[in-house]
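Letter by letter, the chains look like this.
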Amino acid sequence: MQLALTKRRWLRFGTFSALYFAQGVPIGLLTVAVPAWLAERSASLSDVALFSAVVSLPWAFKLVAGPFMDRFTFLAMGFRRPWVIFAQACLALSFVALALVGNLDGGSLVPLMAIGCIVNAFAAIQDVAVDGMAIDILPPEERGRANAFMGFGQTAGFSAFGPLSGMLLSLFGLAAAALTCAVVVAAIFLFVAFVRERPGERLMPWTRGEATERADVQSSTATIFSDLFRALVLPMSLLLILVEFVNRVRDGIAVALFPVFAVQELGLTTAQYTQFNGVIGFAAATIGMLLGPFIDRAGAQRFLLFSLIGSAVCHFIAGLAPMLWQDLFFIGSLAFVANVFGQLVFVSIIALFMSLCWPRVAATQFAVCMSLANLSRSFGSGAFSLVADELSYVEDFLVMGALLVAAAALVLRFNLAARTERLQRLKG
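None of these values were measured; they are calculated from a predicted model.

(A) Fine view of the packing of helix H11 (residues 270-290) against helix H14 (residues 328-356). Closest axis-to-axis distance for the H11/H14 pair is 8 Å, and the angle between their directions is 45 degrees. Taken as axis vectors, H11 and H14 run oblique relative to one another. In this structure, H11 crosses over H14, and the sense of that crossing is right-handed. Side by side, H11 and H14 meet where Phe-276, Ile-280, Gly-281, Ala-283, Ala-284, Ala-285, Ile-287 and Gly-288 of the first sit next to Gly-332, Ala-335, Phe-336, Asn-339, Val-340, Gln-343 and Leu-344 of the second.

Encoded structure:
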């Protein structure tokens, strides 16, 4: 029996969730565990912010991979699947390389940042390929639910590997944590190796199978960039990119601030912070997955607006109540609610971006949008590193809340119906 994504909904949801779980593994190690580990080793907030900015940079350059995927294909193995397999294998190998860096006994962050960039580069390539495959495979009526499952997979990945990596870093060092990540990513690679996009395609280049004929494979790079430009400059595309820019600048501040705040202000250890982050992250992802069908019914735009406002309120409460920071139940509950809203923001905005994509250049267009979003996060971390030691934690929370309010105000101007009409004219 052939396992084909186009034939089974459960297989689509399961495969995309597993691949997004693989993306969560490097996030758990490099975005959750390592910053807390560095903070516990007395790194300053500006150093942690600089590390986060540099290591996350590859996610901002996913747009480089998109045109290659739209231009160069091996249809006998599927439209996007060859790229997924390539990136997944290289991601596993890059974790092995990270294990060889050592435990920073010399005190320099440069080797860790360099190999961390390579890890995230392959994670970003895998992300572009998976998103392109999802846009190509998923029916429009499944995208809200599918993105809820995919968001759950990614959050489950870093919720599991944040605390696991934190424990391994504390007990055994960087090599043990990186090798554990490599084993799990390699296992997901083996799973994907036995799943086809469409019936009759090859599993591997040397096996039997036939390509599915397609009319939307691009014949030249010039055509790709021409179509891409026409799709990106539509007003609603630009507006949603701006929404995500503002939201991800806030994310860039958060990934640097939260581990340092938890370790140096609240007194948590690396293991305690990563375990707490993992529990609330997994719970938030579960809620997001359960709400997936309602996103399809009520509309992703409404969910996005509601979630941005809810998250902003949480940040304002945290910033205006420093006297309650040592109450771990209060701060933990607030963090949990904010994580739920953050998960809904992630799921909703991805669903909206998928709806904006023109299938002719879907991989490139989606990659550009996500690259700009991730560049925004790196920009946020980088800009924050310049002023982090000058601002108080109260000011940090209030700035993040203000950014979320600004993003919500922009969402009010979004009109998906107008975008759909313009895209239809573009296709004509």
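Let us keep going from here.
(B) Looking closely at the environment of Met-167. Considering the arrangement of structural elements, one finds Met-167 in helix H7 (residues 143-171). With a relative accessible area of 35%, Met-167 lands in the partly exposed category. Along the backbone, Met-167 and Thr-274 are 107 residues apart, and their C-alpha atoms lie at a distance of 8.2 Å.

(C) Structural view of a nonpolar patch on the surface. On the surface, a nonpolar cluster with roughly 210 Å² of combined accessible area is contributed by Leu-57, Leu-372 and Leu-375. Within the secondary structure layout, Leu-57 lies in helix H3 (residues 57-60). Leu-57 gets classed as partly exposed once you look at its relative accessible area, which sits at 32%.

(D) Structural context of the packing of aromatic side chains. Scanning the entire structure with this criterion turns up twelve aromatic pairs. Ring centres of Phe-261 and Trp-325 lie 5.2 Å apart, and the angle between their planes is 90 degrees; this geometry places the pair in the edge-to-face category. Within this pair, whereas Phe-261 is found in helix H10 (residues 235-265), its partner Trp-325 is found in the loop between helix H13 (300-320) and H14, the two being separated by 64 residues in sequence. Here Phe-261 matches Trp-325 in class, with each residue buried. Relative to Phe-397, the ring of Phe-261 has its centre 5.4 Å away and its plane inclined at 85 degrees; by these criteria the two rings are edge-to-face. On the criterion of sequence distance, the pair formed by Phe-261 in helix H10 and Phe-397 in helix H16 (residues 393-411) is long-range, its members being 136 residues apart. Accessibility classification places Phe-261 together with Phe-397 in one group, the buried group. Among the aromatic residues, those joined into a ring-pair cluster are Phe-258, Phe-261, Trp-325, Tyr-393 and Phe-397.

Basis of the calculations
Residues numbered from 1 in each chain as written. Predicted model: local features only at pLDDT ≥ 70, side-chain atom pairs only at ≥ 80, totals over all residues. Heavy atoms only, no water. Axes fitted to C-alpha atoms, helices over the stretch in contact; angles between N-to-C directions. Helix = DSSP H or I, 4+ residues; strand = E, 2+ residues; numbered from the N terminus. Parallel < 35°, antiparallel > 145°, perpendicular 65-115°, else oblique. Left-handed = near helix turned anticlockwise from the far one by under 90°. Contact = heavy atoms within 4.5 Å. Buried < 20%, exposed > 50% of the residue type's maximum accessible area, 1.4 Å probe, protein only. Patch = residues over 30% accessible without salt bridge, like charges linked within 9 Å, V, L, I, M, F, W, Y side chains within 5 Å. Areas by Shrake-Rupley, 256 points an atom, 1.4 Å probe, with all protein chains shown as cover. Salt bridge = Lys/Arg side-chain N within 4 Å of Asp/Glu carboxyl O. Phe/Tyr/Trp six-rings, centres within 6.5 Å; stacked < 30°, edge-to-face > 60°.

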